[in-house]
Amino acid sequence: MFLRRSSHAIRRQWRVCQGLNRATDSQVRAALIQNFHSTRNLQVVKPVLLADIGEGIVECEIIQWFVEPGARVEEFSPLCEVQSDKASVEITSRFAGVVKKLHYEAGELAKVGKAFVDIDIQDGASQEVLDALTAPEPATEGASEPLNKESLSQPSQAQASVDKSAELSASEELKPQPPSVKKGKCASLATPAVRHLSKELNINIMEIEGTGKDGRVLKEDIYKFVEKRDAPSQPAQPTSFSPPLDTDKQTETTVQLTNTQQQMFKTMTRSLNIPHFLYADEVDFSQLYDLRRRLNKVVSQSTKGIDFGEVSKLTYLPFIIKAVSIALYQYPILNARVELDVETSKPTLVHRSQHNVGVAMDTPSGLLVPVVKNVGARSVLSIAAELSRLQAQAAAGKLSPQDLGGGTITVSNIGNIGGTYLSPVIVEREVAILGIGRMRTVPAFDAQDSVVKKHVCNFSWCADHRVVDGATMARAADVVLKIVEEPDAMILHLR
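Cut-offs applied
Residues numbered from 1 in each chain as written. Predicted model: local features only at pLDDT ≥ 70, side-chain atom pairs only at ≥ 80, totals over all residues. Heavy atoms only, no water. Salt bridge = Lys/Arg side-chain N within 4 Å of Asp/Glu carboxyl O. Helix = DSSP H or I, 4+ residues; strand = E, 2+ residues; numbered from the N terminus. Axes fitted to C-alpha atoms, helices over the stretch in contact; angles between N-to-C directions. Parallel < 35°, antiparallel > 145°, perpendicular 65-115°, else oblique. Left-handed = near helix turned anticlockwise from the far one by under 90°. Contact = heavy atoms within 4.5 Å. Nonpolar A, V, L, I, M, F, W, Y, C, P; charged D, E, K, R; others polar. Polar contact = N/O pair within 3.5 Å; in protein donor to acceptor, adjacent residues only side chain to side chain. pLDDT = per-residue confidence, 0-100. Core = buried A, V, L, I, M, F, W, Y, C linked by side-chain atoms within 4.5 Å. Buried < 20%, exposed > 50% of the residue type's maximum accessible area, 1.4 Å probe, protein only. Expected span 1.5 Å × (residues − 1).

Q: Help me understand the pattern of salt bridges in this model?
A: Side chains bearing opposite charge may pair, as long as their charged atoms lie close to each other. This structure, assessed with the given rule, holds 12 salt bridges. In this structure, the salt-bridge partner of E339 is R337, at a minimum N-O distance of 2.8 Å. Two residues, D403 and R389, come together in a salt bridge whose shortest N-O distance is 3.1 Å. Here D403 is found in helix α10 (residues 401–404), whereas its partner R389 is found in helix α9 (residues 380–395), with 14 residues between them in sequence. One salt-bridge network, held together by shared partners, links E386, R389 and D403.

Q: Mind showing me how you'd approach the packing of helix α8 (residues 317–330) against α9 here?
A: If you want to describe how two helices pack, look at the angle between their axes and the distance between the axes. Packing of α8 against α9 leaves a shortest axis separation of 9 Å and a crossing angle of 120°. Of the possible angle classes, the one that applies to α8 and α9 is oblique. Handedness of the α8/α9 crossing: right-handed. Listed contacts from α9 to L317, P318, F319, I321 and K322 of α8 are V380, I383, A384 and L387. Considering only residue class, the contact of α8 with α9 consists of 8 nonpolar, no polar and 1 charged.

Q: Teacher, can you tell me more about the environment of H276 here?
A: Here H276 is to be found in strand β9 (residues 276–284). Between the alpha carbons of H276 and C462 there is a distance of 6.1 Å; along the sequence they are 186 residues apart. Setting aside its immediate chain neighbours within four residues, H276 contacts S271, P424, V425, I426, C462 and A463. Among the polar contacts listed, one links the side chain of H276 to the backbone oxygen of I274, at a separation of 2.7 Å. Within the local environment of H276, its side chain forms a polar contact with the backbone nitrogen of I426, the two atoms lying 2.9 Å apart.

Q: So what exactly am I meant to see when it comes to the packing of α8 against helix α11 (residues 470–485) here?
A: Relative to each other, α8 and α11 sit at 140°, their axes nearing to 9 Å. Considering their axes alone, α8 and α11 lie oblique with respect to each other. For the pair α8 and α11, the sense of crossing is right-handed. Facing α8, whose interface residues are A323, V324, I326, A327 and Q330, α11 presents A476, V479, V480, I483 and V484. Of the residues assigned to the contact of α8 with α11, the class counts are 9 nonpolar, 1 polar and no charged.

Q: Can you walk me through the confidence of the model for the protein in this structure?
A: Put simply, the protein has an average pLDDT of 77, and 69% of its residues get 70 or more. Counted against residues more than four places away or in other chains, residues 35–42, with its pLDDT under 50, gives 8 contacts.

Q: I keep staring at the nonpolar core and nothing clicks. Help me out?
A: As a rule of thumb, soluble globular proteins bury nonpolar side chains together. F285 and F459 are the most contacted members of the largest nonpolar core, which has 53 residues in total. Among the elements that take part in this core, α8 stands out by supplying 9 residues, more than any other. Excluding anything up to four places from it in sequence, F459 contacts Y279, A280, D281, V283, F285, I320, L434, G435, I436, V480 and V484. If you look at the next biggest cluster of nonpolar residues, it comprises 22 residues, including L50, F95, V99 and V117.

Q: Help me understand helix α7 (residues 286–301), please; the structure alone is not making it clear to me.
A: Helix length check: α7, at 16 residues, gives a terminal C-alpha distance of 23 Å against a target of 22 Å (1.5 Å per residue), a fit within 8%. Residues of α7 that are buried: S286, L288, L291, R292, N296 and V299. For α7, the elements touching its buried residues are β9, α8, β18 (451–464) and α11.

What follows is the structure in structure tokens.
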């Protein structure tokens, strides 16, 4: 009897244990299912830092974006175009992935070393990169909790909130909304000349509907936009640009400097710390005038067997630049730069072997100074070809930092615009600069005291008086003068 009762008790206890195990298994399965659905999505969003694209550059302007959030990019694909230190540069992607965020809008200044775009590189990244770049995310509150009555009641509350938001959105759709102007996917893209024009007219280029390819904004679009903006809506109401009734009252308008003007402001402010002295002389261009005319006839005929490259016409500037380089071999101090010794804080001169001549150019975006590299190893024809390339790049706003950097001496030709005399400003990290005035025809006396026609031009030199004395500058200027007045002497310096 005792054994029978004991067996019944053992069977009841076994059934209870089996029931508990089945309940525990169902709860574990539910918790696992919930945790499976709440596992975080593995994403690797890599912020791309704006690299240093020039010496001493701390910020640059975003000219245009080539991508938008959600766009797929490959490695080395162009992301945006920036302008810094008067140069326009395309920034490419270091990763393949999907663009998630743009930190700046077109026209804003981006900081060097800071993130300017975020890219999700999950698809194109290796496992090592994923492990290195993926940071642990905090667990979502309640993600590992087992299912309970409260969680079962949440869908009804969520459904109610969705219904309420749907009603609000439906009511908002009934409200009248201003019509939006459709723009092409490239509405923010424009040439530097067009952007410079929009800044001069104080116009946001994103507000203009472009008629170019893919919605690009053209100069004609800006002019039409200005005409439409300035047109009076009612004849009785004057426009905002109409002159004030009281003409005796002075009005002032504040205009922000463009990026090029800001760079020029900083550079010239530092340059004016250099003590300048001016040395000017008059140069006879008569023989160079005849030589250039004869050479241009040869270039225009395109004689068979002679390759002139992209040079279609020779100007006076290549001859002058070559003459300056010849003078620098005799007076290398004019090709040096002044530096302070880090240890002793004493000024030193750093001599440079190559003659990299900067040439001041007037461009749609402002004053630019591209550099003709290694002039000493170039011929006059090679200098002319390089000048042609730099002028084309400057007009299109496509000069690179390499084109603008590394100058050792500068030549400023203001004569092609006008002006006879000038006092040029020395560029930082240089000790001399040459300003060229307008060539003019004047009567003069020859060796027989007969009146003859001469072509003359004024050369104006400025030098750093801390290290260059007047006698040195005068002797170097005289070398340039003799070579320009006797251009056949350049043959003696050919290598």
